[in-house]
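# Notes for the structure review
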Amino acid sequence: MKRLDVSLEDVQEVYAGPVGVLWELLMGEEIHVGGWEDTETLAALAGVTGNARILDVCSALGGPARHLAGRFGCRVVGLDATPKMIEEAERRTAGAALSHLVSFRLGDALDMPFADASFDIVWGQDAWCYVTDKAQLIREAHRVLRPGGTIAFTDWVQTGAMDDAIFENLHRFMVFPYTETVEGYALLLEETGFAVARLEDISSSFPAFCREYRRVLTTTLRDQICARFGEELFRAAEQGIAGWIDAAVRGQVGRGRWIGWKAEE
Ligand SMILES: C[S@@+](CC[C@H](N)C(=O)[O-])C[C@H]1O[C@@H](n2cnc3c(N)ncnc32)[C@H](O)[C@@H]1O
């Protein structure tokens, strides 16, 4: 599989800076495609209850963590590698009076700072595309889950062949080292010891979401983005999103959703 030389430091720089703010302006504080509705869907499929101990891997601003805790009364720990995201997530969680249920840890998804079997559900939304070694991420998820626990996640994926120039443009813009495929993630889950309960290609709605981000960027947000971050960033964002729309329409990129179970001992 092709890869870009993108490091964790590159991704931390994105989320500590203007582009991280841009993603929130476009998507809301749940920084994934489909917003709160997508969180509801994943929660239903994962079987979230009030008793669950959930680990949100790559939790960013903590929007989904607060959503889950507020809705179900469950405990959620968010793990993220960018200090600014952790600070902001903690501040917003205190503001929402949810700190008794939701906490955050600074750390790398490839070396999770948690003991074995600490969680009932490992959760992720549209973020593992940033991670440089998806197999190691899935192994860590398996380790920190209790036997019988659930892994539930969505992610941006590659759905069709593309030439090197398109691969480079799409991934460089997003600062993704590479994107998995729907089947590729299923294989990684199986190889790690998960039973794959569900794998879904949910790419059909992806172009419409990307078009909407572009519309909001070029209308409502245009002046604000140019004033705060400059014309150059605005243009780069517009072109980058346009590239993703074209690739999505050509069937080269999209999104997937997976649910897996760790075997009971
Ligand atoms: C798109 S945002 C995540 C959005 C979040 N899942 C949500 O739905 O609101 C990506 C986040 O992944 C984090 N991240 C990327 N690579 C990471 C890694 N190896 N370990 C921990 N966090 C990482 C970034 O710091 C960033 O906050």
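So, how was this worked out
Residues numbered from 1 in each chain as written. Predicted model: local features only at pLDDT ≥ 70, side-chain atom pairs only at ≥ 80, totals over all residues. Axes fitted to C-alpha atoms, helices over the stretch in contact; angles between N-to-C directions. Helix = DSSP H or I, 4+ residues; strand = E, 2+ residues; numbered from the N terminus. Parallel < 35°, antiparallel > 145°, perpendicular 65-115°, else oblique. Left-handed = near helix turned anticlockwise from the far one by under 90°. Contact = placed C-beta atoms within 7 Å. Nonpolar A, V, L, I, M, F, W, Y, C, P; charged D, E, K, R; others polar. Near = placed C-beta within 6 Å. Buried ≥ 20, exposed ≤ 12 C-beta atoms within 10 Å, placed from the backbone. Pairing = 2+ DSSP bridges. Right-handed = clockwise from strand over helix to strand, strands pointing away.

In this section: the packing of helix H6 (residues 134-144) against helix H8 (residues 182-192). Remark: H6 packs on H8, axes separated minimally by 10 Å, with the N-to-C direction vectors making an angle of 45°. One way to sum up the angle between H6 and H8 is to call them oblique. Crossing handedness for the pair H6 and H8: right-handed. Residues Lys 134, Ala 135, Ile 138, Arg 139 and His 142 of H6 touch H8, and the partners they reach there are Leu 188, Leu 189 and Thr 192.

The description of two helices packed together rests on the angle between their axes and the distance between the axes. Two elements in contact, helix H7 (residues 164-174) and helix H11 (residues 231-249), have axes whose closest approach is 9 Å; the angle formed by their N-to-C orientations is 130°. The orientation of H7 with respect to H11, classified from their angle, is oblique. Crossing geometry of H7 relative to H11 is assigned as left-handed. Of H11, the residues touching H7 (which contributes Ile 166, Asn 169, Leu 170 and Phe 173) are Gly 240, Gly 243, Trp 244 and Ala 247. Class assignment of the residues belonging to the contact of H7 with H11 gives a composition of five nonpolar, three polar and no charged.

Below, the discussion takes up the site of the ligand. As a matter of local geometry, the ligand sits amid 26 residues, with Cys 58, Ala 81, Thr 82, Ala 109 and Ala 127 nearest to it. Elements with a contribution of two residues or more to the shell around the ligand: helix H1 (8-16), helix H4 (63-72) and strand S2 (75-80). Take the shell around the ligand: its biggest share by element is four residues, from H1. In terms of residue class, the shell around the ligand is built from 16 nonpolar, six polar and four charged.

Positive phi, close to 50°, is recorded for Ala 60, a residue that is not glycine. With respect to the helices and strands, the residue Ala 60 is situated in the loop between strand S1 (53-57) and H4. You can call Ala 60 buried: it has 28 C-beta atoms within 10 Å. In this structure, Ala 117 is a non-glycine residue whose phi angle is positive, near 55°. Within the secondary structure, Ala 117 sits in the loop between strand S3 (102-106) and strand S4 (119-125). For Ala 117, a count of 15 C-beta atoms within 10 Å puts it in the partly exposed group.

Among the 14 residues that make up strand S5 (residues 145-158), 11 are buried, leaving the element largely enclosed by the rest of the structure. Strand direction decides the pairing type here: S4 and S5, joined by six bridges, are parallel. If you follow Gln 125 over to S5, its bridge partner there is Thr 154. At this point the chain moves from S4, through H6, to the parallel S5, and the crossover so formed is right-handed. Here S5 pairs with strand S7 (residues 253-262) via nine bridges, running antiparallel. Paired with Thr 154 across the bridge in S7 is Arg 257.

The next point concerns the pairing of S1. Buried residues dominate S1, accounting for four of its five residues. Of the pairings in the sheet, the one linking S1 to S2 comprises five bridges and is parallel in character. By the bridge assignment for S2, Leu 55 is matched with Val 77. With respect to chirality, the unit in which S1 leads through H4 into the neighbouring parallel S2 is right-handed. Pairing between S1 and S4: three bridges, direction parallel. Counted as the bridge partner of Asp 56 is Trp 123 from S4.

The next thing to look at is the sheet that holds strand S6 (residues 194-201). Taken together, seven strands build an open sheet; the order of strands is S3-S2-S1-S4-S5-S7-S6 and the sheet is mixed. Strands at the two margins of the open sheet, each flanked by one partner only, are S3 and S6. Within this sheet the neighbouring strands show an average axis-to-axis angle of 15°, counted without direction. For S6 and S7, the ladder comprises seven bridges, and the chain directions are antiparallel. By the bridge assignment, Arg 198 is partnered in S7 with Ile 259. Against the sheet, H4 makes contact with S1, S2, S3 and S4, and its axis sits at roughly 175° relative to S2, the strand it touches most.

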